[in-house]
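Architecture and fold: a report
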Amino acid sequence: MAAAEADSCLQCFELYEAESKFYILGTNTDKTLWRLLTIDRMEPSELNVDEDSTVHSQSDYLDLLKVLDEDHRSTGGVKFVTNCFGIIGFIKFLGPYYMLIITEQRKIGDIFGHPVYQVTKTAMIELSNSKTKPQLINSKDENRYKKLLQTIDLRKDFFFSHSYHIMRSFQKNFSDPKEGWELYDTMFVWNEFLTRGIRNILKTTLWTVALVYGFFKQDKLAICGKDIMLTLIARRSRHYAGTRYLKRGVNDEGRVANDVETEQIVYEDMLGPRQISSVVQNRGSIPLFWSQETSKLNLKPDIILHEKDKNYEATRLHFENLRKRYGNPIIILNLIKTREKRPREIILRREFDRAIKIINSGLPGEDHLRFLHWDLHKNSQSKSTNALQVLLKVAFEALNLTEFFYYQVSPAQRTEDYLNLSATLKNGFGPHVCDDNNNCGNADYVDDLDDISQDNTCGSSDPGNGIAEDSSEVNGSAQIKPLKFQKGVLRTNCIDCLDRTNVAQYAYGLAALGHQLHALGSLESPEVHLDSSLSRHLMHFYERMGDTLALQYGGSAAHNKIFSAKRGHLKFAIQSQEFFRTLQRYYSNAYMDAYKQAAINLFLGYFEPQLGKPALWEPESGDEHVLDDDTSKLMKRARSDGSILNKSKTSMSSKGPNGMLNSAFTGSKKEGQYPNQSSDSMHGMSSTSDSISKLRYTPTPSHVKHRSCELDYCNGSGDSNFLDLDWLSASDNERSKAISTPDVNIPTDNAVDDVSSGTMDDQTIDIQAQGLSKDFVQWVNQGEAFWY
């Protein structure tokens, strides 16, 4: 039994080095039980690891070190290298294997006593020694691959837990416990490929950590005399992962770009039996085959729809995957435009609507996809529409369909089994923490934010407008409330699944938070006022999450015009900030994303270097879209094969100022086939006309089909099969009376539409302060390239 407990949570490790081997000693939280892992260095191009089955005590551990040192005395003994907190994985390029380890971690929160950590420092250790290190002919290429991999900054937005399965939602951990191997196969473990080798050999996950990439934030709220822990988690999928213009739409397996699961967890921060609630929502790219050509001259590249999947099989696969993950119903909230002077988004809006209806025609009624197409950009500009209020109404209706997870621990349940994860989740969520003296991450994780005011929070005069909260009373004493499960999910998207999507996700999070706190008994009503302190606090959470996800996928913080307007910021200040973020995003997409995409594909194993095969930065055999050799760029548009079904009209010539051409991007045929990307240095990437593609894919007339814009798609503000749009747009209705907020009439698309060229000088100073290239700043100063 003791061995099983030790196996369940090796959290701190010591790395030792001998000439022929590496040794890792792993221990539990109080350093009472130890295990040994041996890594062979004599064949560094092969991964040879061995685990000692013996569980050692503290005294045995000291004796073991003496024995190991004696065994290697003839070659210099055993030397201590570093403390670490788990293996990220192993990788090889053209020569030896390298081991990636976490050398520093910082505690950023916990879930019922299970600490959650952020990676703060890593090390990359070559397995070979001076005698076994191969003399590579391609050592220059080897170093280039190493530098490329190291551009993945694991200190930013990667987090993990030794004792809680952070890659899964609370409901999944509760209702369907998994251990070991199965956890790494989930879509949210980003080092699945890097750990595959050691897991295959050892058949265990004791020595590795499962890294989740996305966002984690936690804070303690004081509500009606109770301490409530609020946690917001965003998990990015490793499938079809990458940057904005290089990963768009869906792939053959039904995986979509920018697929993110957002979970909002609320529980009582108290000793003994407690209550917990969790709700999950999803965002992801429009599941069609479509793309955009990155342009160094155009802030809004053309949207191109491809006709590869006429029967929408990939779209169908995507929704089948969602149904398998979350159950029914699947609710689609599509926020893209329904009215444009030059058709761009509406091309996808029309095709997405057609795909949903065709898929529904082949499904039984209970499995139908529920959808709402609602133009957030148009409605946020309307003086008669309060965008946040409408989104909140949508959220309430979605919650009525999906409900949420709720569990109350029985006072009779024991707390002795808290250290076991499955018992923890079902028997009381007890503490499981690292020893502070072991430097196992004891940093303060709660932001310095004021506690939530109790004003407008503890009660409401309208308790009847929400999901009914079941409770029972026997002889005047409160009884255990019944267990509830979330069934189905709300899936939200705009074009990038960043800016507008984040506003909608906040509205859903706010509606859910009211229900969650009501279920915990902290609120009398499930409705929370949009102008309450609780609402503002949650907005800060979602704004931070939106900025983080936007930086990861789009290269800049999110456009937060609605949030800024809600706080009462001046319109000019909002425009200035949004304009600069537009420039940041443009610069990252046009100049940096190819390099980032190459590093991501290397990290995830979608490209594996091989001797005798073309290097990542070399043209593949038969590939036409190779950029000039000086910059060694090889970029592909993220799309599958297929003729072009629809393409928005070009807003400007392919030739721009100084005769520069737009860059060419082509796409990989399927997930897992590496789309070769730029290999330029992150800090030395050129932005001059020399580095711009001399090729551009221009579809011939036979490959392009322009469709006229039907009235119902271009002039309507929405379409739904589960909501009454008249009720949704009405300002005087039962629910809106309980929600008060000033009108928000700030556009949600790129900020350039309403910004005058008079702001350019100030923005140029900001751009230069960010270290962007001189050529780019000069191009910005030309001004007219942005106004189209």
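Residues numbered from 1 in each chain as written. Predicted model: local features only at pLDDT ≥ 70, side-chain atom pairs only at ≥ 80, totals over all residues. Heavy atoms only, no water.

Named according to an unreviewed UniProt entry, the protein chain is SAC domain-containing protein originating from Urochloa decumbens. One UniProt comment on the protein chain, placed under Subcellular location (unreviewed entry), says "Vacuole membrane". (UniProt positions renumbered as here; feature names shortened; annotations may be inferred.)

Viewed as axis vectors pointing N to C, helix α10 (residues 387-402) and helix α12 (residues 499-519) meet at an angle of 55°, and their least axial separation amounts to 8 Å. The orientation of α10 relative to α12 falls into the category oblique. In the packing of α10 onto α12, the handedness of the crossing is right-handed. Between α10, through Leu388, Leu391, Leu392, Ala395, Phe396, Ala398, Leu399 and Thr402, and α12, the contact on the second element is made entirely by Val503, Ala504, Tyr506, Ala507, Tyr508, Leu510, Ala511, Ala512 and His515. Of the residues belonging to the contact of α10 with α12, the class tally is 15 nonpolar, two polar and no charged. (Axes fitted to C-alpha atoms, helices over the stretch in contact; angles between N-to-C directions. Helix = DSSP H or I, 4+ residues; strand = E, 2+ residues; numbered from the N terminus. Parallel < 35°, antiparallel > 145°, perpendicular 65-115°, else oblique. Left-handed = near helix turned anticlockwise from the far one by under 90°. Contact = heavy atoms within 4.5 Å. Nonpolar A, V, L, I, M, F, W, Y, C, P; charged D, E, K, R; others polar.)

One recurring pattern in soluble globular proteins: nonpolar side chains tend to sit buried together. Of all hydrophobic cores here, the largest spans 78 residues; its most connected members are Leu288, Leu348, Trp374 and Leu391. Broken down by element, the residue count for this core peaks at 11 residues, all from α12. Counting residues in hydrophobic clusters, the runner-up holds 37 residues, among them Ile91, Phe160, Leu194 and Tyr606. (Core = buried A, V, L, I, M, F, W, Y, C linked by side-chain atoms within 4.5 Å. Buried < 20%, exposed > 50% of the residue type's maximum accessible area, 1.4 Å probe, protein only.)

Scanning all chains against the criterion turns up 21 aromatic pairs. Taking the centre distance of 5.8 Å and the plane angle of 50° together, the rings of phenylalanine 159 and phenylalanine 216 count as tilted. In this pair, phenylalanine 159 is assigned in strand β10 (residues 158-160) and phenylalanine 216 in strand β11 (residues 212-223), connecting sequence segments 57 residues apart. Both residues of the pair, phenylalanine 159 and phenylalanine 216, count as buried. Positioned over the ring face of tyrosine 326 is lysine 172, at 5.7 Å from the centre of the ring. (Phe/Tyr/Trp six-rings, centres within 6.5 Å; stacked < 30°, edge-to-face > 60°. Lys NZ or Arg CZ within 6 Å of the ring centre and 35° of its normal.)

The next subject is the pattern of salt bridges. Summed over all chains, the structure comprises 27 salt bridges. In this structure, arginine 73 engages glutamate 70 in a salt bridge whose closest nitrogen and oxygen atoms are separated by 3.2 Å. Using a relative accessible area of 47% as the deciding quantity, one classes arginine 73 as partly exposed. (Salt bridge = Lys/Arg side-chain N within 4 Å of Asp/Glu carboxyl O.)

With an omega of 0°, the peptide bond running from asparagine 328 to proline 329 counts as cis. Looking at the element boundaries, proline 329 is found in the loop between α7 (313-326) and β17 (330-334). Despite not being glycine, lysine 31 shows a phi value in the positive range, around 60°. In this structure, lysine 31 sits in the loop between β2 (21-27) and β3 (33-40). Positioned with a positive phi, phenylalanine 112 is a non-glycine residue whose angle comes to about 50°. Structurally, phenylalanine 112 is set in the loop between β8 (97-111) and β9 (114-126).

Before going further, it helps to examine the pairing of strand β12 (residues 226-236). Where burial is concerned, most of β12 is hidden: nine out of the 11 residues are buried. Hairpin remark: β11 followed by β12, antiparallel, with two residues in the connecting loop; positive phi at cysteine 224, about 55°. Bridge count for β12 against strand β13 (residues 260-268) is nine bridges, and the pairing is antiparallel. Looking at β13, one finds that isoleucine 233 is bridged to glutamate 263. (Pairing = 2+ DSSP bridges.)

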